[in-house]
Amino acid sequence: MATPEVLVGHTWLPLSRDSGCPRVPESSTLKMRGFGSGETAVLGLLEVRADSSGRIETRLSSRSELRGHLGVVEVARESGETAGEFEIVADKMSEDAFQTLRSALEGMWAGLIFDPDGSIRLRGRMPSPAELWRAIEKPVRDIAVEPRSVLTRGEGVRRLEAVRRPSELTASVIRASASLARRVGGHDDVPSDPAASESQAVLAQRPGRSSIMFREVAIPENALVAEALRRLASYARRQPDGLEIATRANRVLRNHPFTSCRTLHGGVEAARVRTLHDPRYRQVDQVLRVLDRPEAHATEGPGEARLGVKGISRLYEYWVFLQVLDACRQRYGLPIEPGFEILGRRTVAGTTRLEIPRGATVRFKGGVHVAFEPLITSSGRDWQGLENVPHPDQKIAQTVITPDVVVLRLGPTPAAVVFDAKYVGRHWVEFEAARIHSRYSRIRWQGKPVVRHVLAAHPHSGIDYMWAGYGSVPMIPGNSADLTELLP
């Protein structure tokens, strides 16, 4: 019997059951071969019939059973035998969803790290990058034409005939003039050659190094404007509709006078005092104060964000973890030190990078532990001493599990809730919820079963079924989810 294959690009690849299974873009036409003539195959939740040559062809985006699904799809033959798997991966079709998810992820993360008591929620929404740009576009343009400056002394060049102050008459200027006099002295007083006359005119312009007075624009006031532009560009890059504004802000930063303002020497407050009587700078400072809010803080990451839409499933897992942490903050109060600080790492560039390593745990009062992908084994020697009891069905039994998020409350009556992020199509939510229940429900602590619910977190509205011990919960990027009643 032929081994079914799937077309990826221009290459036919065999189906497999390992991490290297073929990957098919979500907006492509799925093409498979190796089936019997007229054989019915099951692709995940979709039944399709092969043609007379044993080929299957279907557009993924036109099939409701596969549209919007990202992840591994099992292929079964008509006999019931498993033929292998292929993986549906995100492409440009998910670009808008990716931008929304990334914005929601960074907004939630910045709120937890920089404002853990949640006070930012009382301040209303952040203005869009376009709104902030409109507020400073004219003042910045006016400042660029006529920036504030201070008269200062520095090193420059002067010709002898241009010296106006004693301090400008330096040894370098005198040597340049003396050298010129010697070279000119070798010619007749009235050169007959016009070219020689022109050469002497050029020589007469030779300058020397001197101490001069000039207008310095690299001052705190202009550095404040440059800082506002940098913050705006950073904030705009993280917004779904902010790329154009980020480009404009960076373009202005590369021009006079802001290109010379690298850092804000003396601090923001000192610069603000110097701009009290200049409305141009005050308008820019107002925008900078908005960009000082925690949700607009300069952040990076996580690293998966650099993958673009290819990293959307992983980013969704991070976002679900942060949503659960926020719900725990609302129910249990602020976390115990170091709290949410474990979610970020300061970089040498002065930004904070989002990093959530496997096993990262945030503790709350009352013996509550919230972990991201904790390691739970059948030996009970790993995370918090939890023990995984393998399923009696050997086909799905596992000795080691790493659920996406576990909320564990220890004490006399221990209890746990498991959240597993599933960025899948609507048709797959119930299937995945039942599957993860069989995988993560058999956990005990000190010999006692502790799991109350196993919940599939998904990005679809209207699917929130709760069965005995498991269910699904909508967690849609850009919207808040009420999870407090689901916590142990």
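These figures come from a predicted structure and were not determined experimentally.

Help me get a handle on the overall build of the protein, residues and values and all.
Of the regular secondary structure elements, the protein holds 10 helices and 26 strands. With 488 residues in all, the protein has 46% of them scored as buried. Sequence separation of at least 24 residues holds for 66% of the intrachain contacts in the protein that already meet a minimum separation of 6. On the protein, roughly 24600 Å² of surface is accessible, and the fraction owed to carbon and sulfur atoms is 50%.

For the sheet that holds strand 4 (residues 29–33), give the residues involved together with the corresponding values.
Backbone-to-backbone hydrogen bonds join strands into a sheet, with any given pair of strands oriented parallel or antiparallel. Taken in spatial order, the 4 strands line up as 2-1-4-7 in an open sheet, and their pairing is antiparallel. The sheet is open, and its two edges are formed by strand 2 (11–14) and strand 7 (56–59), each paired on a single side. In this sheet, neighbouring strand axes are inclined to one another by 30° on average, regardless of whether the strands run parallel or antiparallel. In this sheet, strand 2 lies alongside strand 1 (residues 5–8) in antiparallel orientation, the contact comprising 4 bridges. Bridge pairing in strand 2 links Glu 5 to Pro 14.

Please provide a residue-by-residue account of empty space enclosed by the protein, values included.
One pass over the full model with this rule turns up 1 cavity of 30 Å³ or more. By volume, the largest cavity amounts to about 50 Å³. What lines the largest cavity is simply Asn 388, Val 389, Pro 390, His 391, Ile 396, Gln 398, Ile 401, Ser 438, Arg 439 and Arg 442. Here the lining of the largest cavity is composed, by residue class, of 4 nonpolar, 4 polar and 2 charged.

For the sheet that holds strand 5 (residues 40–43), give the residues involved together with the corresponding values.
Pairing is mixed in the open sheet, where 5 strands are placed in the order 3-9-8-5-6. Bordering the open sheet on either side are strand 3 (23–25) and strand 6 (46–49), each of which pairs with just one other strand. With strand direction ignored, the average angle separating the axes of adjacent strands in the sheet is 30°. In terms of strand pairing, strand 5 meets strand 6 through 4 bridges, oriented antiparallel. Note on strand 6: the bridge partner recorded for Thr 40 is Arg 49.

Summarise the pairing of strand 26 (residues 470–474); cite the residues concerned and give the values.
Taken across its 5 residues, strand 26 has 4 buried, putting it largely inside the fold. One ladder, built from 5 bridges, connects strand 24 (residues 451–458) with strand 26; its direction is parallel. The partner of Val 454 across the bridge, within strand 26, is Tyr 470. Strand direction decides the pairing type here: strand 25 (residues 466–467) and strand 26, joined by 2 bridges, are antiparallel. The partner of Trp 467 across the bridge, within strand 26, is Tyr 470. Counted between consecutive antiparallel strands, the loop separating strand 25 from strand 26 contains 2 residues, among which Gly 469 sits at a positive phi close to 90°.

Account for the pattern of salt bridges, with residues named and values stated.
Inspection of every chain in the model, using the stated rule, returns 22 salt bridges. With a shortest N-O distance of 3.7 Å, Arg 148 and Asp 278 are connected by a salt bridge. In this pair, Arg 148 sits in the loop between helix 2 (129–145) and strand 10 (150–158) while Asp 278 sits in the loop between helix 7 (268–274) and helix 8 (279–291), placing the two residues 130 residues apart along the sequence. Residue classification places Arg 148 among the partly exposed positions, given a relative accessible area of 30%.

Can you break down the environment of Met 93 residue by residue, with the values?
With respect to the helices and strands, the residue Met 93 is situated in the loop between strand 9 (82–89) and helix 1 (95–114). With 32 residues separating them in the primary sequence, Met 93 and Ser 61 have C-alpha atoms 9.3 Å apart. Setting aside anything within four residues of it in sequence, one finds Met 93 in contact with Glu 26, Ser 27, Ser 61 and Arg 67.

I'd like to hear about the packing of aromatic side chains, residue by residue, with values.
By the definition in use, this model includes 8 aromatic pairs. Their ring planes at 65° and their centres at 6.3 Å tell us that Phe 340 and Phe 364 sit as a pair that is edge-to-face. Here Phe 364 lies in strand 15 (residues 361–364) and Phe 340 lies in the loop between helix 9 (312–332) and strand 13 (344–346), a separation of 24 residues in the sequence. Note on Phe 340: relative accessible area 4%, which makes it buried. Classification of Phe 364 by relative accessible area gives buried; the value is 1%.

Can you explain the nonpolar core? Please cite residues and give values.
Among soluble globular proteins, nonpolar side chains are generally buried collectively. Formed by 69 residues in total, the largest nonpolar core has its most connected members in Val 320, Leu 322, Leu 325 and Val 370. When residues of this core are assigned to their parent elements, the largest contribution, 13 residues, is made by helix 9. The contacts of Val 320, once residues within four sequence positions are left out, are Val 405, Phe 419, Ala 421, Ala 457 and Met 475. Core analysis: the second largest hydrophobic core is formed by 29 residues, Leu 229, Ile 245, Leu 288 and Leu 291 among them.

Run through the packing of helix 5 (residues 220–237) against helix 6 (residues 243–253), naming residues and quoting values.
One can describe the packing of helix 5 onto helix 6 by two numbers: an axis separation of 8 Å at closest approach and a directional angle of 155°. When the interaxial angle is binned, helix 5 and helix 6 end up roughly antiparallel. Classified by chirality, the crossing of helix 6 by helix 5 is left-handed. Contacts from Ala 226, Leu 229, Arg 230, Leu 232, Ala 233, Ala 236 and Arg 237 of helix 5 reach helix 6 at Leu 243, Ile 245, Ala 246, Ala 249, Asn 250, Val 252 and Leu 253. Residue composition of the contact of helix 5 with helix 6, by class: 11 nonpolar, 1 polar and 2 charged.

Talk me through the confidence of the model for the protein; I want residue IDs and the actual numbers.
For the protein, per-residue confidence averages 83 on the pLDDT scale, and 80% of positions sit at 70 or higher. Between residues 120–124, whose pLDDT stays under 50, and residues either more than four places distant or in other chains, the model counts 12 contacts. Counting contacts from residues 198–203, a segment whose pLDDT is below 50, to residues more than four positions away or on other chains yields 6 contacts.

Calculation notes
- Residues numbered from 1 in each chain as written.
- Predicted model: local features only at pLDDT ≥ 70, side-chain atom pairs only at ≥ 80, totals over all residues.
- Heavy atoms only, no water.
- Helix = DSSP H or I, 4+ residues; strand = E, 2+ residues; numbered from the N terminus.
- Buried < 20%, exposed > 50% of the residue type's maximum accessible area, 1.4 Å probe, protein only.
- Contact = heavy atoms within 4.5 Å.
- Areas by Shrake-Rupley, 256 points an atom, 1.4 Å probe, with all protein chains shown as cover.
- Pairing = 2+ DSSP bridges.
- Axes fitted to C-alpha atoms, helices over the stretch in contact; angles between N-to-C directions.
- 1 Å grid on protein atoms, 1.4 Å probe; cavity = no way out; pocket = protein on both sides within 12 Å on 5 of 7 lines; lining within 4 Å.
- Points joined across faces, edges and corners; volume = space filled by probe spheres on them.
- Nonpolar A, V, L, I, M, F, W, Y, C, P; charged D, E, K, R; others polar.
- Salt bridge = Lys/Arg side-chain N within 4 Å of Asp/Glu carboxyl O.
- Phe/Tyr/Trp six-rings, centres within 6.5 Å; stacked < 30°, edge-to-face > 60°.
- Core = buried A, V, L, I, M, F, W, Y, C linked by side-chain atoms within 4.5 Å.
- Parallel < 35°, antiparallel > 145°, perpendicular 65-115°, else oblique.
- Left-handed = near helix turned anticlockwise from the far one by under 90°.
- pLDDT = per-residue confidence, 0-100.

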